[in-house]
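Residue-level listing of the chains:
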Amino acid sequence: MQKLMIGEMIKSVAVERYKGSEQVKDVIGVLSTEIRASVTHYVKGFGPFYCFRGECCRELGLPMVRYVFPIVRYSVRRWPKEYGGPVFVQYMGLGATDYEADFMVKNELLKDSQSDL
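The following paragraphs examine the structure supplied in this document. Not measured: the values here are computed from a predicted model. (Residues numbered from 1 in each chain as written. Predicted model: local features only at pLDDT ≥ 70, side-chain atom pairs only at ≥ 80, totals over all residues. Heavy atoms only, no water.)

Let's shift gears to the overall build of the chain. Assigned secondary structure in the chain consists of two helices and six strands. Mapped in sequence order, the helices and strands of the chain form the string β-β-β-β-α-β-β-α. The buried share of the chain, reckoned over its 117 residues, is 23%. Residue pairs at least 24 apart in sequence account for 56% of intrachain contacts in the chain once pairs closer than 6 positions are excluded. Counting only carbon and sulfur atoms, one obtains 56% of the accessible surface of the chain, whose full area is about 9600 Å². (Helix = DSSP H or I, 4+ residues; strand = E, 2+ residues; numbered from the N terminus. Buried < 20%, exposed > 50% of the residue type's maximum accessible area, 1.4 Å probe, protein only. Contact = heavy atoms within 4.5 Å. Areas by Shrake-Rupley, 256 points an atom, 1.4 Å probe, with all protein chains shown as cover.)

Quick look at the structure:
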């Protein structure tokens with residue numbers, strides 16, 4: 001348990017999710033070639049929950065797969081050439097369709113670099 005003074009607050013998660021927007025251009029970089037995946041179901045009115053590969057699949061069908069990447073988001077001063085600190089460590093989640101269609105092609109560049117950021 002973390003000690004706090006009255007009036008202090010903490011974030012509910014250690015690393016925030018990256019939320020891209022068409023109105024704002026961001027510069028991001030993938031921090032590591034090692035990623036994570038989550039397998040979840042979604043129930044309207046309840047929300048998402050992790051799949052346990054049992055009764056949930058029998059009742060709800062196949063689960064959704066999301067791929068999670070650790071990223072760094074740079075502060076942009078002037079698009080597209082001026083960016084840098086402060087930087088924010090976040091995570092980016094992609095659904096299976098986006099991951100397979102878009103990211104796998106770009107992922108070859110990461111594999112060729114043979115190193116993490």
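Now for the side chain of Ser32. Position of Ser32 relative to the elements: it lies in the loop between strand E2 (27–30) and strand E3 (36–43). A relative accessible area of 16% means that Ser32 is categorised as buried. At 3.0 Å, the side chain of Ser32 and the backbone nitrogen of Glu34 are in polar contact. (Polar contact = N/O pair within 3.5 Å; in protein donor to acceptor, adjacent residues only side chain to side chain.)

As a rule of thumb, soluble globular proteins bury nonpolar side chains together. Of all hydrophobic cores here, the largest spans eight residues; its members are Tyr18, Val30, Tyr67, Phe69, Ile71, Met92, Leu94 and Tyr99. Contributing elements (two or more residues each) for this core: strand E5 (64–78) and strand E6 (82–95). (Core = buried A, V, L, I, M, F, W, Y, C linked by side-chain atoms within 4.5 Å.)

Another aspect to go through is the environment of Val68. Topologically, Val68 is positioned in strand E5. Val68 gets classed as partly exposed once you look at its relative accessible area, which sits at 24%. Along the sequence, Val68 and Arg17 sit 51 residues apart, while their C-alpha atoms lie 9.6 Å from each other. Leaving out residues up to four positions away in the same chain, Val68 has contacts with Ile35, Arg36, Tyr91, Met92 and Gly93.

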